[in-house]
Amino acid sequence: MGSYLLIAIGLINLRYQTGHTGVVQHSLTIIIPGAILLATTWIPAIAKKLEGKAVQAASMAVGLMLIVYAVIN
């Protein structure tokens, strides 16, 4: 669900900040990690590794940092 959240926030950021310089770059900074995470869930070998507590904690930390980046940006 976090990957969908990052994609949605990135697209909302892109729409509402249209006209600002660098908006595409900032939005892609949020969208691309979300899309990569979503894509990795469809690859069985990688999806199995995403079940570990350490990987989940790291993913959550990166996701929260990107959300904060989206809000500050």
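Source: prediction; values computed, not measured. (Residues numbered from 1 in each chain as written. Predicted model: local features only at pLDDT ≥ 70, side-chain atom pairs only at ≥ 80, totals over all residues. Heavy atoms only, no water.)

Draft legend 1. Up close: the overall build of the chain. For the chain, the count of helices and strands is 4 helices and 0 strands. Each of the 73 residues in the chain was classed as buried or not, and the buried ones make up 22%. Accessible surface for the chain amounts to roughly 5200 Å². Of this, 75% is attributable to carbon and sulfur atoms. (Helix = DSSP H or I, 4+ residues; strand = E, 2+ residues; numbered from the N terminus. Buried < 20%, exposed > 50% of the residue type's maximum accessible area, 1.4 Å probe, protein only. Areas by Shrake-Rupley, 256 points an atom, 1.4 Å probe, with all protein chains shown as cover.)

Draft legend 2. Region of interest: a nonpolar patch on the surface. A cluster of nonpolar side chains, namely L11, L14, V24, L28, I32 and I36, defines an oily patch on the protein surface of about 510 Å² accessible area. Elements with a contribution of two residues or more to the nonpolar patch: helix 1 (2-16) and helix 2 (23-40). At 4 residues, helix 2 tops the list of elements feeding residues into the nonpolar patch. Along the chain, V24 turns up in helix 2. (Patch = residues over 30% accessible without salt bridge, like charges linked within 9 Å, V, L, I, M, F, W, Y side chains within 5 Å. Salt bridge = Lys/Arg side-chain N within 4 Å of Asp/Glu carboxyl O.)

Draft legend 3. Seen up close, helix 4 (residues 53-72). Compared with an ideal rise of 1.5 Å per residue, which puts 20 residues at 28 Å, helix 4 spans 28 Å between its outermost C-alpha atoms and is within 8% of the ideal. Within the span of helix 4, buried status applies to G63, L66 and A70. Along the axis of helix 4, the buried positions cluster into a sector of 60°, meaning they face one direction only. The outward face of helix 4, more than 90 degrees from its buried face, is lined by the exposed residues K53, A54, M60, M65, V71 and I72. The inward-facing, buried residues of helix 4 contact helix 1 and helix 2. (Expected span 1.5 Å × (residues − 1). Arc of directions from axis to C-beta. Contact = heavy atoms within 4.5 Å.)

Draft legend 4. The arrangement of helix 1 in detail. The terminal C-alpha atoms of helix 1, which comprises 15 residues, lie 21 Å apart, in line with the 21 Å expected from a rise of 1.5 Å per residue. All buried positions along helix 1 are accounted for by S3, L6, I7, G10 and N13. One side of helix 1 holds all its buried residues, which, seen down the axis, span an arc of 130°. Away from its buried face, by an angle of more than 90 degrees, helix 1 presents the exposed residues Y4, R15 and Y16. Turning to helix 1, the residues buried within the fold contact helix 2 and helix 4.

Draft legend 5. Layout of the UniProt feature "transmembrane region" (unreviewed entry) in the chain. Residues annotated by UniProt as "transmembrane region" (unreviewed entry) correspond here to residues 27-47 and 54-72. Helix and strand shares over residues 27-47 are 86% and 0% respectively, and the end C-alpha atoms of the span are 25 Å apart. Its end C-alpha atoms 27 Å apart, residues 54-72 is made of 100% helix and 0% strand. (UniProt positions renumbered as here; feature names shortened; annotations may be inferred.)

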